[in-house]
Amino acid sequence: MFDTAFGLPLHPLIVHLVVVLLPLASITVLLAAVWPRFRRWAGPLPLGLAVVGTAAVPVATQAGEALANTGLGQKPTVAPHAALGELMIWWALALLLAAGLVFWLHLKTRTVDSNRKPGQALVAGIAVFAAVAAVGTVVHVYRVGDSGASSVWGGTSFSSTG
């Protein structure tokens, strides 16, 4: 089911969705967590990006397993990439939770009633959690992507020595 799309391996296609959306979601979640004006402007955008990015992770993982079963899984560099890829969902879920908390904060702080607004300690706590989730997600996306690129390209150099 998760092996090809239009005759092409699905993993390298869907993984680009993860590589673009999760860092973009991380940036918007972090900005919305620490910058109230951006939070008001962005509204549900960080949450939407996190939802789609998180949903793409299991698809990329399944597609990667299908690709590995075609014979590529015999390379010794595939196992570390697969192990890192399996952990990606946890960072994506942490980011999704942070995005949900930031959106809740957006809903609570747009009202004029000061009795219903969250306290500064709660806002700071959400900002810290969002920062950890965002930075952790971006770092892990990089680690997974780097190990995958190394697995495919190895020591290949694209520079010409003319």
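Going along each chain's sequence as written, the residues are numbered from 1 onward. The predicted nature of this model means local features are confined to residues of pLDDT at least 70 and side-chain atom pairs, given and counted, to a pLDDT of 80 or more, with totals for whole chains, interfaces and linings taken over all residues. The side-chain quantities take in all heavy atoms of the structure and omit both hydrogens and water.

Colleague: Report on the overall build of the protein chain, specifying residues and quantitative values.
Modeller: The helix and strand labels rest on DSSP assignments: H or I over at least four residues marks a helix, E over at least two residues marks a strand, and numbering proceeds from the N terminus. Summing up its helical and strand segments, the protein chain has 5 helices and 2 strands in all. Order of helices (α) and strands (β) in the protein chain, N terminus to C terminus: β-β-α-α-α-α-α. With respect to the principal axes defined by its C-alpha atoms, the protein chain has extents near 60 × 40 × 25 Å. Residue contacts are counted whenever heavy atoms from the two residues lie within 4.5 Å of one another. Long-range contacts, defined here as pairs at least 24 residues apart, represent 80% of the contacts in the protein chain between residues at least 6 apart. Under the convention used here, a 1.4 Å probe and the Shrake-Rupley method define accessible areas, while residue burial counts only the protein chains that appear. With the model as given, the accessible surface of the protein chain reaches about 9600 Å², and the carbon-plus-sulfur share is 69%. The average position of the 9 basic charges and that of the 5 acidic charges among the side chains of the protein chain differ by 22 Å. Under the counting rule used here, the positive set is Lys and Arg, the negative set is Asp and Glu, and His together with the chain ends is not counted. Where a charge lies is defined by one atom per residue type, namely NZ (Lys), CZ (Arg), CG (Asp) and CD (Glu).

Colleague: An account of the packing of helix 1 (residues 10–34) against helix 5 (residues 120–153) is requested, with residue identities and associated values reported.
Modeller: Axis definition: a line fit to C-alpha positions, over the contact stretch in the case of helices; interaxial angles, taken between N-to-C directions, run 0 to 180 degrees. Contact pair helix 1 / helix 5: the axes reach a minimum separation of 9 Å and the direction vectors enclose 160°. Taken as axis vectors, helix 1 and helix 5 run roughly antiparallel relative to one another. Crossing hand, helix 1 versus helix 5: left-handed. Here helix 1 contributes V19, L22, P23, S26, V29, L30, A33 and V34 to the contact with helix 5, which in turn contributes A127, A130, A131, A134, T137, V138 and V141. For the contact of helix 1 with helix 5, a count of residues per class yields 13 nonpolar, 2 polar and no charged. Each angle receives one of four descriptions, namely roughly parallel if under 35 degrees, roughly antiparallel if over 145, roughly perpendicular if within 65 to 115, and oblique otherwise. Whether a crossing is left-handed or right-handed is set by the direction in which the near helix is turned from the far one by less than a right angle, anticlockwise for left-handed and clockwise for right-handed. Any residue that is not Ala, Val, Leu, Ile, Met, Phe, Trp, Tyr, Cys, Pro, Asp, Glu, Lys or Arg is counted as polar, Gly included; the first ten are nonpolar and the last four charged.

Colleague: Account for the side chain of T54, naming residues and giving values.
Modeller: Tracing the chain through its elements places T54 in helix 3 (residues 45–68). The contact partners of T54, leaving out residues within four places of it in the chain, are L22, I89, A92, L93 and L96.

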